[in-house]
Structure formats: C-alpha cells, structure tokens
Amino acid sequence: MKYEIQVNHKGTYDVIVVGSGPAGVAAAISAGRNGSKTLLIESLGRVGGISTSGMMSHFTGRCKNKLYLEILDRAKAKNHYFPELEKKYIDPELLTLTYIEMLEEAKVDILLYTTFCDVLMEGNAVTGIICHNKSGFCRYDAKVIIDASGDGDVAEKSGVEYFKGRESDGKMQPATLMFKVGGVDTKKAVFPGSFETLVQTDKGELQALAKEKLPHPAGHVLLYHSTLPGIVTCNMTNVTDIDGTRAEDLTRAEIICRKQMPLIVDFLREYVPGYENCYIIGSASLIGIRETRHFKGLKTITEQEISAAVQHEDAVVFDAHFNFDVHNISGAGLDKTGCQKHFKQNKGYTIPYGCMVPEKINGLLLSGRNISGTHMAHSNFRAMPICVGIGEACGVAAAIAAKSGKQPRNVDPAEIRKVMGGTENG
Ligand SMILES: Cc1cc2nc3c(=O)[nH]c(=O)nc-3n(C[C@H](O)[C@H](O)[C@H](O)COP(=O)(O)OP(=O)(O)OC[C@H]3O[C@@H](n4cnc5c(N)ncnc54)[C@H](O)[C@@H]3O)c2cc1C
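Conventions used here
- Residues numbered from 1 in each chain as written.
- Predicted model: local features only at pLDDT ≥ 70, side-chain atom pairs only at ≥ 80, totals over all residues.
- Heavy atoms only, no water.
- Near = heavy atom within 4 Å.
- Polar contact = N/O pair within 3.5 Å; in protein donor to acceptor, adjacent residues only side chain to side chain.
- Helix = DSSP H or I, 4+ residues; strand = E, 2+ residues; numbered from the N terminus.
- Nonpolar A, V, L, I, M, F, W, Y, C, P; charged D, E, K, R; others polar.
- Pairing = 2+ DSSP bridges.
- Axes fitted to C-alpha atoms, helices over the stretch in contact; angles between N-to-C directions.
- Contact = heavy atoms within 4.5 Å.
- Buried < 20%, exposed > 50% of the residue type's maximum accessible area, 1.4 Å probe, protein only.
- Domains from an automatic or database assignment.
- Buried area = accessible area lost by both parts, 1.4 Å probe.

**Q** Can you lay out the site of the ligand for me, pointing to particular residues and giving the numbers?
**A** With respect to spatial proximity, 32 residues lie near the ligand, and among them E42, H58, T60, R382 and M384 are the closest. Contacts to the ligand include F116, whose backbone N or O atom sits 2.9 Å from a nitrogen atom. In the environment of the ligand, an oxygen atom lies 3.0 Å from a nitrogen or oxygen atom belonging to the backbone of R369. Taken together, the elements giving at least two residues each to the shell around the ligand come down to α1 (22-33), β4 (115-122) and α9 (384-404). Broken down by element, the residue count for the shell around the ligand peaks at three residues, all from α9. For the shell around the ligand, the class distribution of residues is 13 nonpolar, 14 polar and five charged.

Below is the structure:
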C-alpha cells in the first residue's frame, strides 16, 4: 500500500526547544531573552512537564543559576494564600502561569499539543524537525534545536549514541503517578519525605507497614505538603520494569498506578496519623518517568565528580546540591545504591557544558534529565532546580551559536557564564 504524508512547512527559527519541562522552559526563556527567535514545542496542553503536569510538590536540591531563583521568586509572589509557605513548594496552577508569563515576556512562540516525530539533517547536523498535531504533520527549521524532551527523543532520532538505565543491565528507575488527597488534618499529619524517614505509630513503623500492606511494587510512604489547606501530595504509586520510551509500557504504568491509588488511600486512612478522613482529589496528567536514555556528550558527568564536588573549568551549572535518589529498581523504597536523607554534600558540584553537547552531532543541545551522565549521576542532576540551571545554560549557548553562526560545540563556556551572570560558585 502506498501512503503519502503531507508535511507543511510552518516556520524557521533561530532556536527550537522540544519539551517544556523545567529544562525546556528555562532553555526557551533564556534563548528568547538573549535575542533568539525561539519556538517551544510541547506534546501536552500545558507547559512545565513534570513540574506542573506531573503534579510535583516541591523543588528538591538547589543550584545557584539565576533563572532558577527567579522562577521560585515569581511563582511565590503569586501565592497570596499561604505567604508563609517555603518558596520551594509548588502550586502547579501558579507555576504554569509563571512559566507562561516568563515565556511571553521573552517573546517565545509556544506551541502546545504538538509532538516531535523526526529530524531533518544535513550530514551530521540537525537542521529541522517534523512534528504532528491537530493540523497534521508540520516542519520547522532552526539553527539550533534543544532537546528537552526528558527522554531525548530528538537526540535519538539524530543518531546520538545512548544507553538506557543503569550501565550493568539497562534497568531503569520505577515510574510514579503523583496524586493529591484532601481532607487531611494537617496539624496532626506526618510528612515522611524520604524513604529513610521512619515514623513510629501505635500500629507500627510506617515504612515497614507500607511494605507489608500495600500491593507490590508499591510499598513506601512519601507524603509532601501542598500549597492548599488540608491537601497533601502523595508520591506513593510505584511501577517497575517500565521503559518510558515505549507507549505500551507507559499505558501499563498508568493503569497499574491508577489501580494502586485507592488502596494507598485505604492504607493512609487506616495507618497514617492525620489521614483518617482523606480522599483522592486529583492525579497527574503526565506519568512520572524518572529515567530513560543517557546520551554520549563531549563530556559525561559521573557520580565520583558529583561526590567530590569537582569545579569544572567549563562549568555552566553551579553549586548544585541533591542526593543520589535511586529508587528501588525492583520494588518499593530506596535502591541499595541510593542515599536520600542521609546524603551529605557540603560543597556544591558543577556541570560542564560538554555534557550538553552531543559528541558527534551538530545543531543540537541536550537539556535537563537527558544530558550526558552516568546512571548514578543522573539520579542527582535530575532534580528540577538543577534541570532549570542546565536549561538556562543551554538557552544562552544556543542563542550565542545562532547569533554567531558557530556550532554549539564551538561556543565558549566562559561566554555562556558571562551572559548568564550571577553564577559564581560559593
Ligand atoms: C515521580 C517523580 C517525582 C519527582 N519528584 C521530584 C521532586 O520532588 N523534586 C524535584 O526537584 N524533582 C523531582 N523529580 C525529578 C524531576 O521532576 C524531573 O527529573 C525533571 O522534571 C526533569 O525535567 P526535564 O525538563 O528534563 O523533563 P520533564 O519534566 O520530564 O519534561 C519533558 C517535557 O517534554 C515533553 N515531551 C516529551 N517528549 C516529547 C515529544 N516527542 N514532543 C514534544 N514534547 C515532548 C513532555 O510532555 C514534558 O512536558 C521527580 C520525578 C518524578 C518522575
């Protein structure tokens, strides 16, 4: 059967960003602010990726890149309901609006409900993308494409080398569908925020009870404050053996998590102080995929560099702090290689620009959780503040490349630092 697809050319940009998670939004804002004609493409109907559509509770860890601090301040300024709440806590509605305002101010064109499908290449350089949306297939050309899709969909189609999951066997971290419960007595409620937080109750210790009572592979308690009274964000559904780059796996994960949700609520009502009358009020519209592809960049950041807080000479992300947040690959709780609450990082680490530049492909930058790093390093830099820092640097680098006609690999990290400003380590 012969089947022809019509592809309409819709525009030419300096910079196109694919994916609007924290890394994509930051990249688009910073490219736009630095004078690039910029397009941001997102397959969902909302910007923010996991930070909004994923129903995230809070930014964990930190970095010293200016744009991250600006996003926190601007989102917090919109929260007139609970001014006393720490600014790291997220109201997904207000954060979405904050992103939209910042993107519009930076004159970024936003295109929602549009999925990246393929790349156009000249030799080893990406020159454009093919997308699909309600209008059909469309083509956009750009001097630089920033892949902030989380899974590196653009990099994969461009032929950038990658491996999935952990180096030893390709297994990836489990997936979680976040949800919120209302009706919580927050004065009395407990908020175990890490697997290593143990809470003794009259009925037993909560993490142990969860392991015993919840349907495998669920079996841990992670509960977070929200920005609204009586409402708590639950990070407690859990599915293993999921490859987030396969639609069949994503569907299976979504269904398993949805079946776990009422059982988790029964558990909360029975065993967790303050949650005796809780009920589900909503769930994320984007399943939380923690880990998929790791690409080969000019440089690859490792867990050893993070632990030693190496100050790279081509650093563009500064004073990054988080832990090694490796969830159990085959069940509930923390993996034996992971360390959450008890991880101590006294000095912040840096991320070199080379981790954002694919080793062999031109016209392309990697932003967010799909930069070049080991499985263990990724469990740290995937935290949203650090992804925003990466995005800011990518946006500046792409703007410099587009303006000067250089390939991203030839942009000087010192120039990126100078343009970003306010990134001195300390
Ligand atoms: C369950 C869970 C809980 C977490 N908890 C925290 C936490 O408490 N604090 C914290 O700081 N971090 C947390 N993280 C980590 C953090 O949320 C992610 O690592 C971070 O959001 C990654 O940012 P990103 O911009 O790289 O990708 P994402 O946030 O994943 O965004 C990628 C975007 O690209 C879009 N996209 C994908 N493919 C395409 C395509 N082909 N075409 C168009 N658009 C596409 C997606 O729809 C999405 O909007 C959590 C992650 C998960 C999964």
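**Q** Which residues make up the sheet that holds strand β11 (residues 223-225), and what values go with them?
**A** With antiparallel pairing, four strands are arranged side by side in an open sheet as β11-β12-β8-β13. Of all strands in the sheet, those bounded by a partner on one side alone are β11 and β13 (279-283). In this sheet, adjacent strand axes meet at a mean angle of 35° when their direction is disregarded. Pairing of β11 with strand β12 (residues 232-234) involves three bridges; the strand directions are antiparallel. Following the sheet pairing, Y224 is matched in β12 by T233. Each of β8 (179-182), β11, β12 and β13 is contacted by helix α6 (residues 247-271), which is oriented at about 145° to β13, the strand it contacts most.

**Q** Just give me the short version of the pairing of strand β5 (residues 125-133), but keep the residues and values in it.
**A** Here β5 lies mainly inside the structure; seven of its nine residues are buried. Here seven bridges tie β4 to β5, and the two strands are oriented antiparallel to one another. Across the sheet, residue E122 finds its bridge partner in β5, namely A125. Relative to strand β6 (residues 136-147), β5 runs antiparallel, the two sharing six bridges.

**Q** Kindly report on the domain arrangement of the chain, identifying the contributing residues and their values.
**A** The assigned domain composition of the chain is domain 1 (7-161 + 303-328 + 343-420) and domain 2 (179-283). Each of domain 1 and domain 2 has a C-alpha centre, and the two are 29 Å apart. Opposite the 13 residues of domain 1 that make contact, domain 2 presents 15 residues. Taken together, the two surfaces of domain 1 and domain 2 that pack against each other cover about 1,200 Å², and 67% of this comes from carbon and sulfur. Counting the surface domain 1 buries against domain 2, the share from its top three residues, M55, F82 and H327, is 40%.

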